[in-house]
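Understanding the architecture of this molecule
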Amino acid sequence: MPVEGPSTMPGAREWMAVGTLLAAFLLACLDHALGTSPAFDEPFFLHSGATNLTAGAPKLATANLVLAQNWMALPMLLRRPHLEPLPEVESGFVPPLEPSTRFLFDPRNDWRWILRAGRLMNILAAAGLGLLVWRWSRELFGAEGGFISLGLYCLSPTMVANASLATVDLFTALWFLVAVRAWWGMLSKVTLGSVLLAGISAGLLAATKISAVLLVPVLMVMAAWRLWAAGFPPAFAAGRRLPGPGALAVALAAAVVVAVLALWACYLPQLTVFRAAPDGGLSFAHLVRAYSGALAGPLDLLGRAGVFPEPWVHDVRLFLATTSLRRAYLGGEYSVGGWWHFFPVAWFLKSPVPYLLALLGAAAALAWGCVIAPVFGGSPASRAAGGGPGRRLALELVPLGALTGVYLAASMTSGLNIGLRHLLPVFPPLFILAGAAALLPVARRWRDRKSTRLNSSHVSESRMPSSA
């Protein structure tokens, strides 16, 4: 439901505009996917997905999780690649290739087909993410806001570049946005469907990347606000009575159980139909055993108790063992510990100017409509009802702000400064928030003039005499 009034279904012209933007986005992604060589990570993800979907193959871990890798490897079920590379010719001049590179460029495998098929699966996921960005923005800011958000998404070089590579970061951004939206819906109205959707989305995110753990503080922020706002009149909370603490507690517990079951479902094929050979254990077991950090004990306990799938515990331990120190570069300097300002600087320098201007306009519109006007303006009745539409809109922005703030704070405190793609889950909520630029007074006057011209045109046509 839109915040400021009854919803309207998109018309034919709006669907044409949305389709045009998505078509331009898909063409840009396809051009990039077909015309670029493999990136550094792509052979690892494609090889890992191929081993996960092949019975008897040793399972290759990548310090990431299986869902995105398996999704990109699904086309390989149609054309089974060779997983046992040919023996290398020993040479004192050429270092041996690692297994994933040997898999992709095995003469018996069509590496172009493997690479492009995996990239195409990622592009499909990117199209779904774009539709979600458009829909969420449209619900908040109307048709014009949705068009602004979708346009910024489709024309973003960062999104095009990451959508057209067989990597896991865009898939992670998709499930973060889906999970936050689903949990926000459950916190607003507890039903069987909302609980199932929240739990399944969280489980799929937990099977995609280790950063899914950041969903916990995001949910804490959202749940805290819901508990605080539950005591206010329905007008304060976008026109609906919010669930109380008891209903939220039961719903949260049920959703967590569903999330764990969804995580098991993602790993079940690897444990049954596509299980490894008896002597084909998980890769990098020596690194996993070498990890002795603070989480080693709890992970061992969870693994022995069977709460989580063994391969998932293995992947988490491998991630913790291999990501403590990474070389980073910024502004002519090198570091192994990173910088707190790496991601804000990289985001700013790589953001197109129209995107930055749209965010400034959105910030100005939201500051006026959600803070200044409700506090210093409006009627006493409006303030008694919770501040009117502006205040209710501000409350509906809580999930987007929570996701952006928590993920950015975690990224800035992390020493893993090896690329802007690690900040990708922040991009979709920012694109949605940029749609608030449609609420600027200039945009409103333009819409009013356009509506007046259309109404005048309809009136003139109705007064014209009909032809004989």
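As a reminder, the structure under discussion sits directly above these lines.
Before going further, it helps to spend a moment on the overall build of the protein chain. Within the protein chain, the secondary structure is distributed over 20 helices and 2 strands. Across the 468 residues that make up the protein chain, the buried fraction comes to 47%. When contacts within the protein chain are restricted to residue pairs at least 6 apart in sequence, long-range pairs at least 24 apart make up 76% of them. When the accessible area of the protein chain is evaluated, it comes to approximately 23,000 Å², of which 69% is carbon and sulfur surface.

A separate point is the state of the cysteines. Within this structure, the stated rule accounts for 0 disulfides. Take Cys-29: it sits in no disulfide, and the sulfur closest to it among the cysteines is that of Cys-154, at 8.6 Å. When its relative accessible area of 0% is taken as the criterion, Cys-29 is described as buried. A relative accessible area of 4% places Cys-154 in the buried class.

Moving on to the packing of helix 2 (residues 42-52) against helix 3 (residues 66-73). Helix packing for two helices is described by the angle between their axes and how far apart those axes are. Helix 3 packs onto helix 2 with a crossing angle of 85° between their chain directions and a minimal axis gap of 8 Å. By the angle between their axes, helix 2 is roughly perpendicular relative to helix 3. Contacts between helix 2 and helix 3 involve Phe-45, Leu-46, Ser-48, Gly-49, Ala-50 and Asn-52 from the former and Val-66, Gln-69, Asn-70, Met-72 and Ala-73 from the latter. Classifying every residue of the contact of helix 2 with helix 3 by side-chain character gives 6 nonpolar, 5 polar and no charged.

When you line up the elements, Glu-396 lands in helix 17 (residues 388-396). Within the structure, the side chain of Glu-396 is placed 3.3 Å from the side chain of Trp-184, a separation counted as a polar contact.

Glancing now at the nonpolar core. Core analysis: the biggest nonpolar cluster contains 119 residues, and Tyr-153 and Met-222 have the highest contact counts within it. Contacts of Tyr-153, omitting those with residues within four sequence positions, involve Phe-25, Ala-126, Leu-129, Gly-130, Val-133, Met-159, Leu-170 and Phe-431.

Further remarks concern the pattern of salt bridges. Applying the stated criterion across every chain, the model contains 9 salt bridges. As a salt-bridge pair, Asp-106 and Arg-108 come within 3.0 Å of each other at their nearest N and O atoms. A cluster of three or more residues bridged by salt bridges with shared partners is formed by Asp-41, Asp-169, Lys-209 and Arg-421.

Running from N to C, helix 5 (residues 111-154) and helix 7 (residues 169-188) cross one another at 45°; their axes reach a closest spacing of 9 Å. On the basis of the axis angle, helix 5 is oblique to helix 7. Judged by the twist between their axes, the crossing of helix 5 over helix 7 is left-handed. Touching Asn-122, Ala-125, Ala-126, Gly-128, Leu-129, Leu-132, Val-133, Arg-135, Trp-136, Glu-139 and Tyr-153 of helix 5 are Leu-170, Phe-171, Ala-173, Leu-174, Leu-177, Val-178, Val-180 and Arg-181, all from helix 7. Its residues assigned to classes, the contact of helix 5 with helix 7 comprises 14 nonpolar, 2 polar and 3 charged.

Before going further, it helps to spend a moment on the environment of Trp-136. Relative to the helices and strands, Trp-136 resides in helix 5. For Trp-136 and Gly-435, which are 299 residues apart along the polypeptide, the C-alpha to C-alpha distance reads 9.7 Å. Among all residues touching Trp-136, those that are not within four sequence positions of it are Leu-177, Val-180, Arg-181, Pro-399, Leu-400 and Ile-432.

The next subject is the side chain of His-314. Locating His-314 in the fold gives a position in helix 13 (residues 310-322). Excluding residues that lie within four positions of it along the chain, His-314 makes contacts with Ala-61, Leu-282, Ser-283, Phe-284, Ala-285 and Val-288.

Conventions used here
Residues numbered from 1 in each chain as written. Predicted model: local features only at pLDDT ≥ 70, side-chain atom pairs only at ≥ 80, totals over all residues. Heavy atoms only, no water. Helix = DSSP H or I, 4+ residues; strand = E, 2+ residues; numbered from the N terminus. Buried < 20%, exposed > 50% of the residue type's maximum accessible area, 1.4 Å probe, protein only. Contact = heavy atoms within 4.5 Å. Areas by Shrake-Rupley, 256 points an atom, 1.4 Å probe, with all protein chains shown as cover. Disulfide = S-S within 2.5 Å. Axes fitted to C-alpha atoms, helices over the stretch in contact; angles between N-to-C directions. Parallel < 35°, antiparallel > 145°, perpendicular 65-115°, else oblique. Nonpolar A, V, L, I, M, F, W, Y, C, P; charged D, E, K, R; others polar. Polar contact = N/O pair within 3.5 Å; in protein donor to acceptor, adjacent residues only side chain to side chain. Core = buried A, V, L, I, M, F, W, Y, C linked by side-chain atoms within 4.5 Å. Salt bridge = Lys/Arg side-chain N within 4 Å of Asp/Glu carboxyl O. Left-handed = near helix turned anticlockwise from the far one by under 90°.

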